[in-house]
Amino acid sequence: GFVDDKKRFLSIGKSIRDAFVERFWHKDGTVGDGRQSAMFISLFYGVLTGEQAEKTKKALIEKIKKDCFFDVGGFGIRTVLPVLADTQALNLFLETIRLNHYPGFGYWVAMGATSLWEQWASKGNMHSHNHALHAGIDAALFQTICGIVPTSPMFRTFRIAPQIPEDMRDLHCRLETYSGNISLSLEKLGDT
């Protein structure tokens, strides 16, 4: 109900967005130094809209296909699935994580990982082989692929709207919440 405050903060937000776009967005759709994280995060938080967002989505997809891995760290990893779902490119997620070369989730599995490591490399200055900062991908899996999204605090109410890649045939997940367990199981039969 604070109409003046709303106008003020929307104006401040617009000036921040405009300054960001002017400084970091490029006409080819890349953001900043052209790394995937900058594009993922800008799209996820809605900094880029309209034609700028469409160009960045296209540039991002081209970059992922060229790199054959996700060039994101702990802060960017949470944004990968929602942005790819919004871009209708969830198949690209599966294609990329299935690759077992460095760097990537498939590489971790090939190296024997059973959790999310602190860094992509298997050797070096690693202090944690179960690193919470990379767990943003877990939230994204539950919210995007499984489609379990709270509609009130502590999952007292929630919606289920899975978004699964075309070549994923079945999905089973279970989420323990404060309000109880949520389980989902689905199987594709043909195109349904």
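As a reminder, the structure under discussion sits directly above these lines.
Quick notes on the rules
- Residues numbered from 1 in each chain as written.
- Predicted model: local features only at pLDDT ≥ 70, side-chain atom pairs only at ≥ 80, totals over all residues.
- Heavy atoms only, no water.
- Core = buried A, V, L, I, M, F, W, Y, C linked by side-chain atoms within 4.5 Å.
- Buried < 20%, exposed > 50% of the residue type's maximum accessible area, 1.4 Å probe, protein only.
- Helix = DSSP H or I, 4+ residues; strand = E, 2+ residues; numbered from the N terminus.
- Contact = heavy atoms within 4.5 Å.
- Phe/Tyr/Trp six-rings, centres within 6.5 Å; stacked < 30°, edge-to-face > 60°.
- Axes fitted to C-alpha atoms, helices over the stretch in contact; angles between N-to-C directions.
- Left-handed = near helix turned anticlockwise from the far one by under 90°.
- Nonpolar A, V, L, I, M, F, W, Y, C, P; charged D, E, K, R; others polar.
- 1 Å grid on protein atoms, 1.4 Å probe; cavity = no way out; pocket = protein on both sides within 12 Å on 5 of 7 lines; lining within 4 Å.
- Points joined across faces, edges and corners; volume = space filled by probe spheres on them.

Novice: Please provide a residue-by-residue account of the nonpolar core, values included.
Specialist: For soluble globular proteins, nonpolar side chains are generally found buried alongside one another. Counting 44 residues, the largest nonpolar core has F40, F70, L84, F93 and W108 as the members making the most contacts within it. Among the secondary structure elements, those contributing two or more residues to this core are α2 (36-44), α3 (50-67), α4 (80-86), α5 (90-97), α6 (105-110), α7 (136-145), β3 (170-177) and β4 (180-187). Each residue touching F40, except ones within four places of it in the same chain, is listed here: L60, I64, F70, V72, T79, V80, V83 and L84.

Novice: Lay out the packing of aromatic side chains in plain terms, naming residues and giving numbers.
Specialist: The full count for this structure, using the stated rule, is nine aromatic pairs. Between the aromatic rings of F20 and F24, the centroid separation amounts to 5.1 Å while the plane-to-plane angle is 45°, which identifies the pairing as tilted. On the criterion of helical spacing, the pair formed by F20 and F24 is a turn pair, its members being four residues apart in helix α1 (residues 3-24). On the basis of relative accessibility, which here comes to 32%, the residue F24 falls in the partly exposed class.

Novice: Kindly report on the packing of α2 against α3, identifying the contributing residues and their values.
Specialist: Their axes nearest at 10 Å, the elements α2 and α3 cross at an angle of 145°. When you trace α2 past α3, the crossing you get is left-handed. Residues Q36, M39, F40 and L43 of α2 pack against A53, T56, K57, A59, L60, K63, I64 and D67 of α3. Among the residues making up the contact of α2 with α3, the classes are represented as seven nonpolar, two polar and three charged.

Novice: Which residues make up empty space enclosed by the protein, and what are the values?
Specialist: Applying the stated rule across the entire model yields one cavity of 30 Å³ or more. Estimates place the volume of the largest cavity at around 60 Å³. Around the largest cavity, the lining residues are C68, F69, F70, T96, I97, L99, H101, P103, G104, F105 and W120. Of the residues in the lining of the largest cavity, the class split is eight nonpolar, three polar and no charged.

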